[in-house]
Amino acid sequence: MNAAVAADDAEAPLRAVIATAPVGAAVAVTWASHASGAGVLTSDHAPDDLAALADATLRAGTEGDTTAPAGLRRYARAMVQDDGRLAIAIQVAAGDAAAAAAWLPAALHGMAGALALARAERRLESMRRAERLQQALYEIAELASSTLDMDEVLARIHAVVGRLTTAENFYIVLYDDLRETLRFLYFVDERDPWQADPQQELSIAQMPDSLTTVLLREGQPMLGPSAALRAQYGLPDSDTLHGPDSADWLGVPLRRDGRICGALVVQSYDQPDRYRDEDRALLEFVAQHILTALDRKRAQAELERRVASRTQELQTANRGLQAQIVERERAGTLQRALYRISELSAAPGSLERFYADLHAIVGELLYARNFYIAMLSPDGTRLEFPYSIDERDAVRRARPRGDGLTEYVIATGAPLLAMHEDIRRLEAAGALRSHGSHAQCWLGVPLGRDGRPVGVIAVQSYDPQIAFSPNDQALLTFVAHHIDSAMDRKRAQEQLKAAHTELEFRVEARTRELERANRELRAQIGERIRAQQRLVHQARHDPLTGLPNRVQLLERLDAALSPLREGGRAAFAVLFLDLDRFKLVNDSVGHAAGDAMLVEIAQRITAWLGPDDIAARLGGDEFAILLGGVDDPGIADRRASALLAALAKPVWVAGRELFPSASIGIAMSHPEYVDGDGVLRDADAAMYRAKACGRDRSERFDEAMRAEAMRLLDLEADLRRAILQDAFEPHFQPIVRLADGAVVGHEALLRWRHEVHGLLSPAEFIGVGEDSGLIEQVDWLMYRQVFRRMAADAGTGYVSINVSPRHFRSEDFVERLLRLIDEAGADPRRLRIEITEVALLDDAPRALRMLNVLRSHGVLALLDDFGTGFSALSYLHRFPIQALKIDQSFVLGLGGEMHAESLALVRAILALAATLGIDTIAEGIETAQQRDLLAALGCQYGQGFLYGRPAAERATGIG
């Protein structure tokens, strides 16, 4: 809140106190404080010089009575407050002097109290705003993981922004800087009738005069009336094509990986100066969280789309399999029916029995309650019925060949499927004449002999609800062909006996083939089911250790939190475990050994679990454990200590005996937790506290850790702004020749010129920079400044820069560094890079290749912090190292309690360097005794506070 607003807030309570002054008195009040600003307030009809008296008293800090016009008295008093001063001057008639004198001290205290109350109200309002901001961030994070669709999520984000500032008119635009296109993802405006299509891409070239276009191209927040902004950026006076003018317009860019990817805009049509700088800063802060939420929501929607697509594919495949099963079962049934028909023809017995068994077989395939077989007599003049079963016509007698349905099928030689209406139409057309009871549905197929129809097999239904289908017709036609053969075989049984054996063999072979196909199909179905089960297991378990993964753990945490949010008493604790120095295991004995160690750790954790506990591997060397039924922090501490003891037992990996240890963070359950992510986050923060306190221990999460997390979040935001503002600068520490103290070079050390905290060393922000991945951008900014300084001076001494292992993992590091040197016009032969042993060992072949390329251009390498890592000849002689920098921890030990140990180590390092023909530079020299001892041992160069602290300008004497 600015000083003007603070003064306005103070005016009302001060006037209330002035109103208590004696009747007829003139009063002037003046004040000055950090919180309430400065101001002057007078009563009605107060003379101008009364305010001057109050101001003089305020400045002097003492009583300031002066002479007054005849018959009047003046008094002035001042009071010093915690953050400022307050003064009151009063003029009264001589007769009211006593009342004024009595009123003045009380008025001073009353006004001081009123100012204090106004300050308290402003602090309370500031706290409320911070609380609203925190709640808004929580809501945005929840929306990112919710199941709501994107339109609902955007509407709720609009509501969240509306609670932080005026946002009746609000839109979100996404920007593709490569294609020069944008999409209005969300657009709500009370005056602009334009309807945005979130899928429509608009070219920037189509709207060059839009404030939105300027915002996206400039990449900086814009605040002010739209007309003033257009004038500021040289846009035409009127831009009605892109919406009506606004009295106040505020837009902030959205950034992803340092690139502009969109913007958030709010505007007010009826209130100028509606938005202030604090609204701009607030919207900038919230915008990045909104972008993160939108990215997560889009990723979630894409995942759901892929899962739905895969599910649909599996369902389609399953339906196909089910259809195949039904078809194979139907084929099996039909095959068995045909087989039985074939058996009937060869089985002993009467022809009547043969027909009855045939009827039973057909009845298994379709509705055959009413069934008969009709055959022409040998001379073709009569129609005989060797077999007939019918619920209405119990007996069918032979008759002369006529024009019935049966004769119609024989005459046409084709199957006939006819409903009651179809039969009536045929009768009306004179094509046939029905015999016996009229059927609701009639199906007949011809029986042949020697290629000509000689009979009919027929089924019929008298129930309107039962009808035959074309599939039944095809089935019965198919069966009829086999019945033809069976009947022929029955009539010529002796001739078909030989063929029967072959047919039986074929049928058996076909049956075996179908059964084999069925077994294969069942095996495929079983394998698919097992594959689905494996996929579900893999989606919820860690493939290396077999423990549940993060997904399953979060489900259990959400289920455990549910009773707490509903007022229940169920409690639990979460342990977040991270192995100490696990990367050293991978780097030294290999990732396979590291995996073996992780499996052993998982087994130990599993053996330690209680019946209500669950352990999960979150990734890498991180594990999380839910302790069910634990509501006492002391119990959680003891359980954590027991787990540390179990993990500390030695383990043999790759032929080596290792002694694992871990750092554990503990978070106790609480109704305020919204979901399991919050519990894991706090347990993770506590784990990092345990690592910072020395490792191999446990720490419980508390509010101080939450405050530290918020501080780091703010520091990261400051760091991102500092990168955009190029707020980093190199400070140079001289490197001297110990023999004569001549300056031979400088080490460029990073410093951050913070807008609030002043000059910061890397120790105060390097952790946040490495965790967020921003430190590489910071390094390149500093390298550019160092090379420009090198090009600007005329010295010949070298300058060394620190290069982290991150840079050595980048394929284009050398090319980019040399290009930067060339652009600055600096001499590469004056540059040295300081690297650590880790950079060499991460990928030795690549590191060797990069160092050789740099050396060919004159850039030499210094090995920094030597003695703190492996420090072995096995790799040192392979790399083109120009000098070793002896770590300051060994130098500081010289002349102290660790003198003997430090002396031995320094002597060994110097001997190693001399053997390899490598120069040595001692770091951290602070005393003349250390300098003399190092020089006597054979160290050529040194740096430290004895020769100069890091400074913005280099010391003289280079060259």
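Residues numbered from 1 in each chain as written. Predicted model: local features only at pLDDT ≥ 70, side-chain atom pairs only at ≥ 80, totals over all residues. Heavy atoms only, no water.

Engineer: I'd like a rundown of the overall build of the chain, residues and numbers included.
Structural biologist: Across its full length, the chain holds 28 helices and 32 strands. Over its C-alpha atoms the chain spans a radius of gyration of 47 Å, topping by over 25% the 30 Å that the globule rule assigns to 959 residues. Counting only residues that meet the buried cut, the chain has 44% of its 959 residues in that class. Of the contacts made within the chain by residues no fewer than 6 positions apart, 62% connect residues no fewer than 24 positions apart. Looking at the chain as shown, the accessible area adds up to about 48300 Å², and 51% of this sits on carbon and sulfur atoms. The centroid of the 107 positive side-chain charges in the chain is displaced by 6 Å from the centroid of its 136 negative side-chain charges. (Helix = DSSP H or I, 4+ residues; strand = E, 2+ residues; numbered from the N terminus. Rg over C-alpha atoms; globule rule 2.2 N^0.38 Å. Buried < 20%, exposed > 50% of the residue type's maximum accessible area, 1.4 Å probe, protein only. Contact = heavy atoms within 4.5 Å. Areas by Shrake-Rupley, 256 points an atom, 1.4 Å probe, with all protein chains shown as cover. Lys, Arg positive; Asp, Glu negative; His and termini not counted. Charge placed at Lys NZ, Arg CZ, Asp CG, Glu CD.)

Engineer: Give a description of empty space enclosed by the protein that names residues and reports values.
Structural biologist: Enumeration according to the criterion identifies 4 cavities of 30 Å³ or more in this entry. By volume, the largest cavity amounts to about 70 Å³. Asp718, Arg721, Ala722, Gln725, Ala727, Trp752, Arg753, His754 and Glu755 are the residues that line the largest cavity. Among the secondary structure elements, those contributing two or more residues to the lining of the largest cavity are helix H18 (703-725) and strand E25 (743-754). The element best represented in the lining of the largest cavity is H18, accounting for 4 residues. Looking at the lining of the largest cavity residue by residue, the class counts come to 3 nonpolar, 2 polar and 4 charged. (1 Å grid on protein atoms, 1.4 Å probe; cavity = no way out; pocket = protein on both sides within 12 Å on 5 of 7 lines; lining within 4 Å. Points joined across faces, edges and corners; volume = space filled by probe spheres on them. Nonpolar A, V, L, I, M, F, W, Y, C, P; charged D, E, K, R; others polar.)

Engineer: With reference to specific residues and values, describe unusual backbone geometry.
Structural biologist: Unusually for a residue other than glycine, arginine 695 sits at a positive phi of about 70°. Counting through the fold element by element, arginine 695 comes out in the loop between helix H17 (676-692) and strand E23 (698-700).

Engineer: I'd love a proper account of the packing of aromatic side chains, names of residues and values included.
Structural biologist: In this description, a pair of aromatic rings is defined by centroid distance and the angle of the planes. Under the defined criterion, the tally for this structure stands at 18 aromatic pairs. On the basis of an interplanar angle of 45° and a centroid distance of 6.3 Å, the ring pair of tyrosine 367 and phenylalanine 468 is categorised as tilted. In this pair, tyrosine 367 sits in the loop between helix H8 (351-365) and strand E11 (370-376) while phenylalanine 468 sits in the loop between strand E16 (452-461) and helix H11 (470-491), placing the two residues 101 residues apart along the sequence. One aromatic cluster is present, built from ring pairs that chain together Trp780, Tyr783, Phe787, Phe808 and Phe813. In this arrangement the basic side chain of arginine 639 is found over the ring face of tryptophan 608, its NZ or CZ atom lying 4.5 Å from the centre. One cation-aromatic arrangement involves arginine 816 over tryptophan 780; the distance from NZ or CZ to the ring centre is 4.1 Å. (Phe/Tyr/Trp six-rings, centres within 6.5 Å; stacked < 30°, edge-to-face > 60°. Lys NZ or Arg CZ within 6 Å of the ring centre and 35° of its normal.)

Engineer: How would you summarise the pairing of strand E1 (residues 26-33) if you had to cite specific residues and measurements?
Structural biologist: One face of the sheet, then the other: side chains in a regular strand alternate in exactly this way. In terms of residue burial, E1 counts as a mostly covered element, since 7 of its 8 residues are buried. Note that E1 and strand E4 (residues 84-93) share 8 bridges and pair antiparallel. The residue of E4 that forms the bridge with valine 29 is isoleucine 88. (Pairing = 2+ DSSP bridges.)

Engineer: Give a description of the packing of helix H20 (residues 775-792) against helix H22 (residues 813-824) that names residues and reports values.
Structural biologist: For the pair H20 and H22, interaxial distance at closest approach is 8 Å and the crossing angle is 40°. Relative to H22, H20 is oriented oblique. Regarding H20 and H22, the two cross each other, and that crossing is right-handed. Each of Trp780, Tyr783, Arg784, Phe787, Arg788 and Ala791 in H20 lies in contact with H22, whose residues at this interface are Phe813, Arg816, Leu817, Leu820, Ile821 and Ala824. (Axes fitted to C-alpha atoms, helices over the stretch in contact; angles between N-to-C directions. Parallel < 35°, antiparallel > 145°, perpendicular 65-115°, else oblique. Left-handed = near helix turned anticlockwise from the far one by under 90°.)

Engineer: Tell me about the pattern of salt bridges, and name the residues and values.
Structural biologist: In the structure shown here, the tally under the stated rule is 40 salt bridges. The partner of arginine 846 in a salt bridge is glutamate 811, with the nearest N and O atoms 2.9 Å apart. Note that arginine 846 is positioned in helix H24 (residues 844-856) and glutamate 811 in the loop between helix H21 (805-808) and H22, a separation of 35 residues in sequence. What you see here is one network of salt bridges that share partners, running through Glu747, Glu834, Lys885 and Glu923. (Salt bridge = Lys/Arg side-chain N within 4 Å of Asp/Glu carboxyl O.)

Engineer: Before we move on, could you go through the sheet that holds strand E9 (residues 248-256) and cite the residues and values that matter?
Structural biologist: Taking strand neighbours across the sheet as the criterion, the 6 strands line up as E7-E6-E5-E10-E9-E8 in an open arrangement whose pairing is antiparallel. Among the strands making up the open sheet, the edge pair consists of strand E7 (202-203) and strand E8 (222-224). Summarising the sheet, E8 and E9 pair through 3 bridges and their orientation is antiparallel. Within E9, the residue paired with leucine 223 across the bridge is leucine 250.

Engineer: I'd love a proper account of the sheet that holds strand E19 (residues 622-628), names of residues and values included.
Structural biologist: Pairing within the open sheet is mixed, and its 5 strands lie in the order E18-E19-E17-E22-E23. Strand pairing shows two members of the sheet lacking a second neighbour, strand E18 (614-619) and E23, which therefore form its edges. Strand-to-strand twist in this sheet, taken as the mean axis angle between neighbours without regard to direction, amounts to 20°. Taken together, the 3 bridges between strand E22 (residues 662-668) and E23 define a ladder with parallel strand orientation. In the sheet register, glycine 665 faces E23, and the bridge partner there is glutamate 699. Against the sheet, helix H16 (residues 633-647) contacts strand E17 (572-579), E19, E22 and E23, and its axis sits at roughly 160° relative to E22.

Engineer: Hey, could you go over helix H14 (residues 582-589) for me, with residue numbers and the actual values?
Structural biologist: Of the positions making up H14, those classed as buried are Phe582, Val585 and Asn586. Along the axis of H14, the buried residues cluster in a sector spanning 95°; they form a single face. Positive backbone phi, at 105°, marks glycine 590, one or two positions downstream of H14. (Arc of directions from axis to C-beta.)

Engineer: Could you give an account of the packing of H22 against H24, with specific residues and numbers?
Structural biologist: Contact geometry for H22 and H24: axes closest at 10 Å, N-to-C directions at 20°. If you check the angle between H22 and H24, you find them roughly parallel. The hand of the H22/H24 crossing is right-handed. Note on element contacts: H24 touches H22 through Met850, Val853 and Leu854, opposite Phe813, Val814, Leu817 and Leu818. Of the residues contributing to the contact of H22 with H24, the split by class is 7 nonpolar, no polar and no charged.

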